[in-house]
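# Summary of structural features
Read off the chains here:
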Amino acid sequence: MKKFIALAISLLCVLPLGAQDQDAKRINKKNLVIKEWNTSPKGTNGTLDHETTFNADGRKIEEKEFDSDGKMKWRKRYEYDSAGKLAKELVYDGKNRLQTYKTFEFNEFGRKKVQYTYNAKGKLLSLKKFEYIAQPAD
């Protein structure tokens, strides 16, 4: 009986630590910048390839892609509405000029329903509708 009680106590002490270890492994995206580097097989001569920035709420607010010389190829900026839903995605060229932007409608489940793509002058270029079909498990 004493062995059983000792085992139960040790398990209770270990379980919270395991949960903390899992939390520590998760990346906190709040105010985070992720940089992706291309390097040689030996890990030298690194060049910045991609950069993603998250705001204080953990939402992605910007992405940039760079060429092998380190010059920006394009940039995307993300804007959110007061409910935290993606409201607008703006795409800029390497000279930081607005090329296109997208706005969105969402369904009752919070998934994209319609995506509208406009040019820099606000002319509608395309419309994309999203359809979600649940498939039965095999």
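Structure: see above.
All of the points below concern the structure found in this document. (Residues numbered from 1 in each chain as written. Predicted model: local features only at pLDDT ≥ 70, side-chain atom pairs only at ≥ 80, totals over all residues. Heavy atoms only, no water.)

## A closer look at the overall build of the chain
Tallying secondary structure elements over the chain gives one helix and eight strands in all. Put simply, the chain runs from its N terminus to its C terminus through helices and strands in the order α-β-β-β-β-β-β-β-β. Within the chain, counting contacts between residues at least 6 apart in sequence, those at least 24 apart form 8% of the total. About 10,700 Å² of surface is accessible on the chain, with carbon and sulfur atoms providing 53% of the total. (Helix = DSSP H or I, 4+ residues; strand = E, 2+ residues; numbered from the N terminus. Contact = heavy atoms within 4.5 Å. Areas by Shrake-Rupley, 256 points an atom, 1.4 Å probe, with all protein chains shown as cover.)

## As for the nonpolar core
Counting six residues, the largest nonpolar core is built from Leu-90, Tyr-92, Tyr-101, Val-114, Tyr-116 and Tyr-118. For this core, the secondary structure elements donating two or more residues are strand E5 (86-93) and strand E7 (112-119). By residue number, the principal contributor to this core is E7, which donates three residues. Apart from the residues lying within four places of it in its own chain, the contact partners of Tyr-92 are Trp-74, Arg-75, Arg-77, Arg-97, Leu-98 and Gln-99. (Core = buried A, V, L, I, M, F, W, Y, C linked by side-chain atoms within 4.5 Å. Buried < 20%, exposed > 50% of the residue type's maximum accessible area, 1.4 Å probe, protein only.)

## Things to note about the packing of aromatic side chains
Within the structure shown, the criterion is met by two aromatic pairs. Ring geometry for Tyr-101 versus Tyr-118: centroids 5.0 Å apart, planes at 20°, classification stacked. You can see Tyr-101 sitting in strand E6 (residues 98-106) and its partner Tyr-118 sitting in strand E7, a full 17 residues away along the chain. The class of Tyr-101 is buried, set by a relative accessible area of 16%. Directly above the aromatic system of Phe-106 lies the positively charged group of Lys-85, at a separation of 5.6 Å from the ring centroid. (Phe/Tyr/Trp six-rings, centres within 6.5 Å; stacked < 30°, edge-to-face > 60°. Lys NZ or Arg CZ within 6 Å of the ring centre and 35° of its normal.)

## Some details on the sheet that holds E5
If you trace the eight strands from one edge of the open sheet to the other, you get E1-E2-E3-E4-E5-E6-E7-E8, paired in antiparallel fashion. One side of each edge strand has no neighbouring strand; the edge strands of this open sheet are strand E1 (33-38) and strand E8 (124-129). Averaged over all pairs of adjacent strands, the angle between their axes in this sheet comes to 15°, without regard to strand direction. Where strand E4 (residues 72-80) and E5 come together, seven bridges link them in antiparallel fashion. Bridge pairing in E5 places Arg-75 opposite Tyr-92. (Pairing = 2+ DSSP bridges. Axes fitted to C-alpha atoms, helices over the stretch in contact; angles between N-to-C directions.)

## Considering the pairing of E5
Along any regular strand, the residues point their side chains to alternate faces of the sheet. Most of E5 is tucked away: six of the eight residues are buried. Where E4 hands over to E5, the hairpin turn is made up of five residues, of which Gly-84 adopts a positive phi near 90°. Pairing analysis gives five bridges linking E5 to E6, with the strands arranged antiparallel. Across the sheet, the residue bridging to Leu-90 is Tyr-101, located in E6. Counted along the chain from E5 to the antiparallel partner E6, the turn is four residues long, and its residue Asn-96 has a positive phi close to 65°.

## Remarks on the pattern of salt bridges
Under the defined criterion, the tally for this structure stands at ten salt bridges. The residue Glu-62 makes a salt bridge to Arg-75 at a minimum N-O spacing of 2.5 Å. Of this pair, Glu-62 sits in strand E3 (residues 60-66) while Arg-75 sits in strand E4, and the two are 13 residues apart along the sequence. Residue Glu-62 shares its accessibility class with Arg-75, and that shared class is buried. One salt bridge connects Asp-93 with Arg-97, and the closest N-O pair in it is separated by 2.9 Å. By relative accessible area, Asp-93 is classed as buried at 15%. (Salt bridge = Lys/Arg side-chain N within 4 Å of Asp/Glu carboxyl O.)

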